[in-house]
Amino acid sequence: MNSGQMLYKKAQNIYSSLVAWRRYLHQHPELSFEEKNTASFVESELRKIDGIKVLAGKEETGIETGVAGILKKGEGPVVALRADMDALPIQEENESIYKSQNFGVMHACGHDAHTAILLGAAHVLADTDSPFSGTIKFLFQPAEEGSDDTGRTGAPYFIQKGLLDDVSMAFALHMDPENEPGSIKLHQGPSMANVDTFKGIIYGTGGHGAYPHLGTDPVWMLSFVLQAIQGVAARRTSPLSPAVISVGEIKTGSSTNVIPEKVTLQGTMRSYDKNTRKHLDKELHQAFSLVESMGGSLELDIEHGEPALSNDQKAVEIYKSVIQETFPTFHILNEPYGLGGEDFGYIAEKVPSAMLFLGAGFSKKENRGLHMPCFDIQEEILPVGVSLLAGSAIYYLNETHE
Ligand SMILES: [Zn+2]
Ligand SMILES: [Zn+2]
């Protein structure tokens with residue numbers, strides 16, 4: 001049995017705990033920045049593990065609901081393993097025995113599983129016969145899904161507090177409901193998107209619906225702006241650079257015969273690389289500025305959210321070696337994970353990192369995707385996740401040390 005398989009065996013030995021943690025968290029989901037019960041649950045579980053120093057709360061992690069564990073065994077570099085802990089404002093439709101007990105809140109992105117897996121990794125790595133020399137940081141990060149009024153998600157708080165300052169490599173994983181257990185998406189380079197949001201206001205004068213020529217109509221202008229926005233990705237951006245702009249909200253007027261004074265619209269912009277990100281900003285301004293030639297005026301605010309997740313070559317190689325050693329029959333799907341966002345991108349920007357997507361879904365016919373009220377995972381994947389995170393940390397520390 002090789003060392004990866006030994007770790008997997010250890011992870012299987014704590015299967016009932018992994019399931020119990022995951023189900024407890026699933027039943028008690030909490031929204032971003034409100035993970036108080038989740039954080040104290042994680043903190044108390046971590047404190048039960050011999051040899052782990054626990055950091056918790058704003059003073060020690062930079063954010064009230066943050067928790068981190070530090071496991072040091074001898075000299076050597078520091079590697080971080082990260083899980084996110086927050087849930088989503090979704091009413092669960094599943095009727096499982098571990099169904100969400102918090103009305104309107106659900107772990108529909110699998111962060112309950114991520115948290116349970118990281119607790120499992122802490123147990124397995126703290127075991128005296130798991131050999132490594134160096135330090136492993138277990139980062140239980142709140143607020144991956146949502147930002148606060150400063151525009152920040154959870155990861156930037158950990159970074160500002162300095163939790164990543166001594167870390168030289170970081171690993172994370174995410175549930176992948178699109179693939180069944182036995183498949184893993186692992187991709188080097190940009191793998192998830194830059195996430196930017198915009199809010200635009202088109203101003204006209206408004207007026208009587210029967211006398212449009214006496215005023216300026218922002219709804220008429222909107223029809224051209226929408227066309228121009230759709231053209232940014234289709235006609236103004238290289239087809240080789242992924243880019244999406246979607247308008248998700250339009251608000252204007254409230255009457256059949258009154259031309260409104262303004263239209264507000266909001267949307268999201270996604271891209272993979274820095275240049276395309278800048279390019280989309282510029283093009284969006286240009287699309288909105290069309291209204292000036294129609295007698296209107298505009299306001300446009302663009303807020304830059306998490307950066308694209310770019311997986312480091314070395315970290316991806318380590319993940320790949322550990323997968324192949326532990327699960328030789330698994331399929332590794334070398335493809336980007338889409339234009340979704342992931343605030344692990346902040347951590348990957350700071351230190352060489354890799355996140356993989358772990359096949360955890362049911363058959364393809366069942367559409368139980370991320371952020372859906374019927375989302376669920378196959379729990380057999382929990383010990384697999386534990387052994388991949390723990391195995392990568394050990395692999396990195398042992399390789400760097402020799
Ligand atoms: Zn999510
Ligand atoms: Zn997620």
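Reading the values: the criteria
- Residues numbered from 1 in each chain as written.
- Chains lettered and ligands numbered in written order.
- Predicted model: local features only at pLDDT ≥ 70, side-chain atom pairs only at ≥ 80, totals over all residues.
- Axes fitted to C-alpha atoms, helices over the stretch in contact; angles between N-to-C directions.
- Helix = DSSP H or I, 4+ residues; strand = E, 2+ residues; numbered from the N terminus.
- Parallel < 35°, antiparallel > 145°, perpendicular 65-115°, else oblique.
- Contact = placed C-beta atoms within 7 Å.
- Nonpolar A, V, L, I, M, F, W, Y, C, P; charged D, E, K, R; others polar.
- Pairing = 2+ DSSP bridges.
- Domains from an automatic or database assignment.
- Buried ≥ 20, exposed ≤ 12 C-beta atoms within 10 Å, placed from the backbone.
- Core = buried A, V, L, I, M, F, W, Y, C linked by C-beta atoms within 7 Å.
- Expected span 1.5 Å × (residues − 1).

Undergrad: I would appreciate a short explanation of the packing of helix α1 (residues 3-13) against helix α9 (residues 313-326) in the present structure.
TA: To characterise two packed helices, one gives the angle between the axes of the helices and the distance between these axes. Where α1 contacts α9, the two axes come as close as 7 Å, and the packing angle between them is 75 degrees. Taken as axis vectors, α1 and α9 run roughly perpendicular relative to one another. In this structure, α1 contributes G4, Q5 and Y8 to the contact, and α9 contributes V322, E325 and T326. Across the contact of α1 with α9, the residue classes tally to 2 nonpolar, 3 polar and 1 charged.

Undergrad: Mind showing me how you'd approach the sheet that holds strand β15 (residues 331-333) here?
TA: Whether parallel or antiparallel, the strands of a sheet pair through hydrogen bonds between backbone atoms. If you trace the 8 strands from one edge of the open sheet to the other, you get β1-β2-β4-β3-β5-β16-β6-β15, paired in mixed fashion. Every interior strand has two partners, whereas the edge strands, β1 (52-56) and β15, have only one. Going across the sheet, the axis of each strand differs from the next one's by a mean of 20 degrees, ignoring polarity. Lying over the sheet, α9 contacts β5 (167-176), β6 (183-185), β15 and β16 (353-359), oriented at roughly 40 degrees with respect to β16.

Undergrad: Would you explain the domain arrangement of the protein in this entry?
TA: For an interface, size is often stated in terms of accessible area lost upon the parts coming together. What the domain assignment lists for the protein is domain 1 (3-193 + 308-401) and domain 2 (194-304). Relative placement of domain 1 and domain 2: their C-alpha centres are 38 Å apart. Taken together, the contact between domain 1 and domain 2 spans 6 residues of the former and 9 residues of the latter. Of the residues that constitute the side of domain 1 that touches domain 2, the class distribution is 4 nonpolar, 2 polar and no charged.

Undergrad: Is there a simple way to think about the sheet that holds strand β13 (residues 297-304) in this case?
TA: The 4 strands lie next to each other as β10-β12-β8-β13, forming an open sheet whose pairing is antiparallel. Strands at the two margins of the open sheet, each flanked by one partner only, are β10 (243-252) and β13. Between one strand axis and the next, the sheet turns by 20 degrees as a mean value, whatever way the strands run. In this structure, strand β8 (residues 194-203) lies alongside β13, joined through 8 bridges in antiparallel fashion. Counted as the bridge partner of T197 is E303 from β13. Here helix α7 (residues 218-235) sits on the sheet in contact with β8, β10 and β12 (262-271), set at roughly 165 degrees to β10. The strands touched by helix α8 (residues 274-289) within the sheet are β8, β10, β12 and β13, with β13 carrying the most contacts at an inclination of about 165 degrees.

Undergrad: What's the story with the environment of F138 in this structure? I'm lost.
TA: If you trace the backbone, F138 turns up in strand β4 (residues 134-141). The buried category is assigned to F138, around which 27 C-beta atoms lie within 10 Å. For F138 and V67, which are 71 residues apart along the polypeptide, the C-alpha to C-alpha distance reads 8.4 Å. Residues in contact with F138, not counting those within four places in the same chain, are A68, G69, L81, L118, A121 and A122.

Undergrad: Quick question: what am I supposed to make of helix α6 (residues 154-161) here?
TA: Regarding α6, the residues found buried are G154, A155, P156, Y157 and F158. Packed against the buried residues of α6 are α4 (57-61), β4 and α10 (344-350). Positive backbone phi, at 90 degrees, marks G162, one or two positions downstream of α6.

Undergrad: What is the right way to look at the nonpolar core in this model?
TA: Within soluble globular proteins, side chains that are nonpolar tend to cluster in buried spots. The biggest cluster of nonpolar side chains holds 85 residues, and the ones touching the most others in it are L81, L118, A121, Y319, L389 and A393. Every residue in contact with A393, bar those within four places of it in the chain, is listed here: V79, L81, L125, I136 and F171. One finds I202, M269, L280 and L284 within the second-largest nonpolar core, a separate group that totals 19 residues.

Undergrad: Even after reading the chapter, I still don't get helix α5 (residues 111-126), so can you show me in this structure?
TA: The periodicity of an α-helix, 3.6 residues per turn, causes residues three or four positions apart to be oriented the same way. Between its terminal C-alpha atoms α5 stretches 22 Å, which fits the 22 Å expected from 16 residues at 1.5 Å a residue. For α5, a buried count of 15 out of 16 residues is recorded, marking the element as mostly surrounded by other parts of the structure.

Undergrad: Explain unusual backbone geometry to me, please; I cannot follow it from the model alone.
TA: Negative phi values dominate among residues other than glycine, just as trans dominates among peptide bonds. Although it is not a glycine, F33 adopts a positive phi angle of roughly 70 degrees. Mapped onto the secondary structure, F33 falls in the loop between α2 (15-27) and α3 (36-47). Despite not being glycine, A143 shows a phi value in the positive range, around 55 degrees. Structurally, A143 is set in the loop between β4 and α6.

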